[in-house]
Amino acid sequence: MKDMTVFVKEATHEKPISELETILVQMDGIERALVDIEDGEVKIVYNEDQVSPESIKNRIKQHGMHLQ
């Protein structure tokens, strides 16, 4: 398992956080996604054999969210 951290502009409000967590954990290979509401930091634990960091970032962008 690998860890990655991204900052998502919209991840400072409850509704987008819930949506983001759902989007991420539904992806094959993502074990966990934790969002820090203070600064929009998203910590993701994933299986590098199943999903790449780029595909995770693309999935976030596809749902209209912006990486900082």
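Small disclaimer: the values here were computed from a predicted structure and weren't measured. In every chain, residue numbers begin from 1 and rise along the written sequence. Residues qualify for local features only when their pLDDT is at least 70, as the model is predicted, and side-chain atom pairs are given and counted only at 80 or more; totals for whole chains, interfaces and linings, by contrast, use all residues. Derived side-chain values reflect all non-hydrogen atoms in the structure, with water molecules and hydrogen atoms excluded from consideration.

Chemist: Can you lay out the nonpolar core for me, pointing to particular residues and giving the numbers?
Modeler: Judged by nonpolar contacts, the single largest core of 18 residues is most densely connected at Leu 20, Leu 24, Val 42, Ile 44 and Ile 56. When residues of this core are traced back to their parent elements, those giving at least two are strand 1 (2-7), helix 1 (14-25), strand 2 (30-36), strand 3 (41-46) and helix 2 (53-62). For this analysis, a nonpolar core means a set of buried residues of the types Ala, Val, Leu, Ile, Met, Phe, Trp, Tyr and Cys, connected via side-chain atoms within 4.5 Å. Residue exposure (1.4 Å probe, protein chains only): buried if accessible area is under 20% of the type maximum, exposed if over 50%, otherwise partly exposed. Think of it this way: any DSSP run of H or I at least four residues long counts as a helix, any run of E at least two long counts as a strand, and we number them from the N terminus.

Chemist: Pulling in residues and values, what's your account of the sheet that holds strand 3?
Modeler: With respect to topology, three strands assemble into an open sheet ordered 1-3-2, the strand pairing being antiparallel. If you trace the sheet from one side to the other, it starts and ends with strand 1 and strand 2, each paired once. For this sheet, the mean inter-axis angle between neighbouring strands, taken without regard to orientation, is 15°. Two strands pair under a simple rule: DSSP has to find at least two bridges between them. As defined by bridge partners, strand 2 adjoins strand 3 across six bridges and the pair is classed as antiparallel. An axis is simply a line fitted to the C-alpha atoms; with a helix, the fit covers only the stretch in contact. Between two such axes, the angle follows the N-to-C directions and lies from 0 to 180 degrees.

Chemist: Let's hear about the side chain of Glu 41: which residues, and what values?
Modeler: Along the chain, Glu 41 falls in strand 3. When charges are counted, Lys and Arg contribute as positive and Asp and Glu as negative, whereas His and the chain ends are disregarded. By definition here, a salt bridge exists when the distance from a side-chain nitrogen of Lys or Arg to a carboxyl oxygen of Asp or Glu is within 4 Å. Although Glu 41 is buried, it forms no salt bridge, and the closest oppositely charged side chain is Lys 43 at an N-O distance of 4.4 Å. Residues in contact with Glu 41, not counting those within four places in the same chain, are Thr 5, Val 6, Phe 7, Leu 34, Val 35 and Asp 36. We call two residues in contact whenever any of their non-hydrogen atoms come within 4.5 Å of each other.

Chemist: Explain the environment of Ser 52 to me, using residue names and the numbers behind them.
Modeler: Tracing the backbone through its elements, the reader meets Ser 52 in the loop between strand 3 and helix 2. Distance in space between the C-alpha atoms of Ser 52 and Ile 37 is 24 Å, their sequence separation being 15 residues.

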